[in-house]
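The primary structure of each chain is shown beneath.
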Amino acid sequence: MESTGLSDTLRQLMEARGLTQAGLIQQAAAMGYSLGKSQVSQYVSGKVLPRRDAMEVLAQVLGVEADVLAAACEGGRDEGRGQERTAGMGQIKKSRKLDNVLYDVRGPVVEEAERMERAGASILKLNIGNPAPFGFRAPDEVVFDMADQLVDCEGYSSSKGLFSARKAIMQYSQIKGIPSVTIDDVYTGNGVSELINLCMSALLDSGDEVLVPSPDYPLWTACVTLAGGTPVHYVCDEEAGWYPDMDDIRSKITRRTKALVIINPNNPTGAVYPREVLQQLVDIAREFDLAVFSDEIYDRLCMDGCEHISIASMAPDLFCVTFSGLSKSHMVAGYRVGWMVLSGNKARARDYILGLNMLCNMRMCSNVPGQSIVQTSLWGHQSVNDYIVPGGRIYDQRNFVYEALNAIPGVSAVKPSAAFYIFPKLDVRRFNITDDERFAFDLLHETKILVVPGRGFNWAKPDHFRVVYLPRIEDLSVAVRKLEAFLAHYRQ
Ligand code: PLP
């Protein structure tokens, strides 16, 4: 067989056996293995190479040795090696580091929606937590202050950020009860996204494990993988208001486990963890000596009187990194303003902090105009407070979508307490759903509504999808009606 990379080899083997991608997945399932549709489609299209365990499953289903597939991967990589270079002929391949990195919040279903838009379709995008396109505006004072300071922000700042910004974040940490934070412990970033990537890159060696929630905001899993670590998903339990399952966490700790990630308030579930839940997480981190990474970007978006508690405030003896930013609370996702704060047992993390500092220095600094509005944003009137109370857009939209989704036969959803996401469950028996990505594609094609399937959040079963409830009630109402009409006849 001619081997020009795994993609060609898979196609040839599947053709020879008369197997489609769905057939391949079904055969794997019949043999007791679970292969995700988006993974298989990415292997076949050559976008992603499988890990060894997935490769062995593919090999077994296709009736070849795993080494045949491994060699095909190498063949693809080595194509052209040792041959004469011909201008314009060589393929530029992505790094092996990206194998198994998935970020489906902007994945294949979104690509299809973009293709449909280019062809003239109007798509209602319920896939991404970007407030501005839905009419949420930055507070006037924030825009005014950035404009006013723009000319003073032309140079690099210190790599951790402007003094004024870090001082304001330090004081915000004090208000949240996070102990022993000095100005040196505060780092600004181009959004929390950059800092998640940076933190995981500085922490992980190959084989190190990090406990990440399932469902998660998928950047966490992606950055752990990209950094060479292994994300180990612990279950958040829908039956228990989407709180983390402590037994599941304990059962997944090994001697390679370095850190525990929590996302609180949570994306995609909207759960806010009460003190008792946080205490149990602290107890586990303490017992197993884990560093705690807490993503709290939605901390100002809690509803129904839920109090947001920073886990770091309860763990003065543990090394904690707390993340937040202005993208959501101030509706300025495009300004790219985020930060992280180190607290607790920093002596234990001295070497890691050197690594963090090095990576921060290497990126020079975060966007300085963005930093210039941190002080203004963190204090004074918080316009977000008007959105999250009765009569406020986020509160009312949350109530509407929660009730409307639960009224659809075969759909149920836990009421989110924060942020702007809901993660409904589909009755997979009723709709015969075995593939949530296919559900999202089918929904998109028929109704022009874009949602992200549960697997995009590292949720293992095909029974969930995420809805962003940022659109106005009129638009949400159209979307829910279309979803209901679609589900009335949909059987996969
Ligand atoms: N963390 C969570 C939980 C998020 O939902 C998001 C964005 O949706 C981010 C981090 C990234 O935020 P930023 O805009 O600060 O990069």
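Right above here is the structure, for reference.
What counts, and at which threshold
Just so you know, the residues in each chain are numbered from 1, in the order the chain's sequence is written. Predicted model: local features are reported for residues with pLDDT of at least 70 only, side-chain atom pairs are reported and counted for 80 or more only, and whole-chain, interface and lining totals are derived from all residues. Derived side-chain values reflect all non-hydrogen atoms in the structure, with water molecules and hydrogen atoms excluded from consideration. Aromatic pairing here means that ring centres of Phe, Tyr or Trp (its six-membered ring) are within 6.5 Å. Orientation follows from the plane angle: under 30 degrees is stacked, over 60 is edge-to-face, and everything else is tilted. Numbering of helices and strands runs from the N terminus; a helix is a DSSP stretch of H or I covering at least four residues, while a strand is a stretch of E covering at least two. Think of it as a cone above the ring: NZ of Lys or CZ of Arg counts as a charge over the ring if it is within 6 Å of the ring centre and within 35 degrees of the ring normal. In what follows, salt bridge is the name for a side-chain nitrogen of Lys or Arg lying within 4 Å of a carboxyl oxygen of Asp or Glu. We call a residue near a molecule or strand as soon as one heavy atom of that residue lies within 4 Å of the molecule or strand. Under the rule applied, a polar contact is a pair of N or O atoms within 3.5 Å (in protein, one hydrogen donor and one hydrogen acceptor; residues adjacent in sequence only if both atoms are side-chain atoms). Only the protein chains shown count as cover for residues, and the accessible areas themselves come from Shrake-Rupley with a 1.4 Å probe. At least two bridges found by DSSP between two strands are what make those strands a pair. Should any heavy atoms of two residues lie within 4.5 Å, those residues are considered in contact. Axis angles are defined between N-to-C directions and span 0 to 180 degrees, where every axis is a line fitted to C-alpha atoms and, for a helix, only to the segment in contact. Exposure categories follow from relative accessible area, calculated using a 1.4 Å probe and restricted to protein chains: below 20% of the type maximum is buried, above 50% is exposed, and the middle band is partly exposed. A clockwise course of the path from the first strand over the helix to the second, judged with the strands pointing away from the viewer, identifies a crossover as right-handed. Between 65 and 115 degrees an angle is taken as roughly perpendicular, under 35 as roughly parallel, over 145 as roughly antiparallel, and anywhere else as oblique. By definition, any crossing whose near helix is turned counterclockwise from its far helix by less than a right angle is left-handed, and any crossing with a clockwise turn is right-handed. Following the grouping adopted for this structure description, the nonpolar residues are Ala, Val, Leu, Ile, Met, Phe, Trp, Tyr, Cys and Pro, the charged ones are Asp, Glu, Lys and Arg, and the polar ones are all others, Gly among them. In this tally, Lys and Arg are treated as positive and Asp and Glu as negative; His is ignored, and so are the chain termini.

Caption draft 1: Representation of the packing of aromatic side chains in the model. Applying the stated criterion across every chain yields a total of 19 aromatic pairs. With 6.1 Å between their ring centres and 70° between their planes, Y172 and W379 make a pair best called edge-to-face. Placement of Y172 in helix α8 (residues 163–175) and of W379 in the loop between α15 (374–378) and α16 (384–387) is noted, with a sequence separation of 207 residues between them. These aromatic residues form a ring-pair network of at least three members: W220, F293, F319, F323 and Y352. Positioned above the aromatic ring of F136, the side-chain terminus of R393 is 4.0 Å from the ring centre. Against the face of Y395 rests R398, its NZ or CZ located 5.0 Å from the ring centre.

Caption draft 2: The arrangement of the environment of L354 in detail. Checked against the element boundaries, L354 lands in helix α13 (residues 350–362). Spatially, the C-alpha atom of L354 lies 8.9 Å from that of A202, the residues being 152 residues apart in sequence.

Caption draft 3: Structural view of the pattern of salt bridges. A complete count under the given rule lists 17 salt bridges for this structure. As a salt-bridge pair, E287 and R250 come within 2.8 Å of each other at their nearest N and O atoms. Of this pair, E287 sits in helix α12 (residues 275–287) while R250 sits in helix α11 (residues 246–251), and the two are 37 residues apart along the sequence. Salt bridges sharing partners connect three or more residues here, namely D435, D436, E437 and R455.

Caption draft 4: The arrangement of the site of the ligand in detail. Every one of the 13 residues lining the ligand counts as a neighbour, but V192, S193, D295, Y298 and S327 are closest to it. Note that an oxygen atom of the ligand is positioned 2.6 Å from one of the backbone N or O atoms of V192. The protein chains hide 94% of the 400 Å² of surface that the ligand would expose on its own. At three residues, the largest contribution of residues to the shell around the ligand is made by helix α9 (residues 191–203).

Caption draft 5: Just the environment of A119, in detail. Looking at the secondary structure, you find A119 in the loop between α6 (108–118) and β1 (124–125). Distance in space between the C-alpha atoms of A119 and Y103 is 25 Å, their sequence separation being 16 residues.

Caption draft 6: Region of the structure containing the sheet that holds strand β5 (residues 243–244). With respect to topology, eight strands assemble into an open sheet ordered β2-β9-β8-β7-β6-β3-β4-β5, the strand pairing being mixed. Edge positions in the open sheet fall to β2 (186–189) and β5, since each of these has one partner strand only. Where strand β3 (residues 209–214) and strand β4 (residues 230–237) come together, six bridges link them in parallel fashion. In the sheet register, S214 faces β4, and the bridge partner there is V235. Strand contacts of helix α10 (residues 219–226): β3, β4, β6 (257–263), β7 (291–295) and β8 (319–325), with the helix running at about 160° to β4, the strand carrying the most contacts. The sheet contacts of α13 involve β2, β7, β8 and β9 (338–344), and relative to β2 the element is tilted by about 35°.

Caption draft 7: How the structure looks around the pairing of β3. In terms of residue burial, β3 counts as a mostly covered element, since six of its six residues are buried. Alternating residues of β3 divide into E209, L211 and P213 and V210, V212 and S214, and every residue in both groups is buried. Remark: the β3/α10/β4 crossover connection has right-handed handedness.

Caption draft 8: Molecular detail of the packing of helix α2 (residues 21–30) against helix α3 (residues 37–45). Their axes nearest at 10 Å, the elements α2 and α3 cross at an angle of 125°. If you check the angle between α2 and α3, you find them oblique. Judged by the twist between their axes, the crossing of α2 over α3 is right-handed. Seen from α2, the contacting residues are Q21, L24 and I25; seen from α3, they are K37, V40, S41 and V44. Looking at the contact of α2 with α3, its residues break down into four nonpolar, two polar and one charged.

Caption draft 9: Examining the packing of α9 against α10 more closely. Two numbers describe how α9 lies on α10: the axes approach to 8 Å, and their chain directions differ by 35°. As α9 packs across α10, the resulting crossing turns out to be right-handed. On the side of α9, the interface is formed by S193, I196, N197 and M200, while α10 contributes L219, W220, C223, V224 and L226. In terms of residue class, the contact of α9 with α10 is built from seven nonpolar, two polar and no charged.

Caption draft 10: Expanded view of the sheet that holds strand β15 (residues 465–468). Across the sheet, which stays open at both edges, the three strands sit in the order β11-β15-β14 with antiparallel pairing between neighbours. At either margin of the open sheet sits one strand with a lone partner, and together these are β11 (421–422) and β14 (452–453). Examined bridge by bridge, β14 and β15 share two bridges and lie antiparallel to one another. Within the sheet, the bridge partner assigned to V452 lies in β15 and is R466.

Caption draft 11: Fine view of the side chain of R393. One can find R393 in helix α17 (residues 393–406). D475 is the oppositely charged side chain nearest to the buried, salt-bridge-free R393, at an N-O distance of 7.0 Å. Engagement of the side chain of R393 in a polar contact is seen with the side chain of Q397, the distance being 2.8 Å. Polar contacts involving the side chain of R393 include one to the main-chain carbonyl oxygen of L470, which spans 2.9 Å. With sequence-adjacent residues up to four places away left out, R393 is seen in contact with F134, G135, F136, Y387, L470, P471 and R472.

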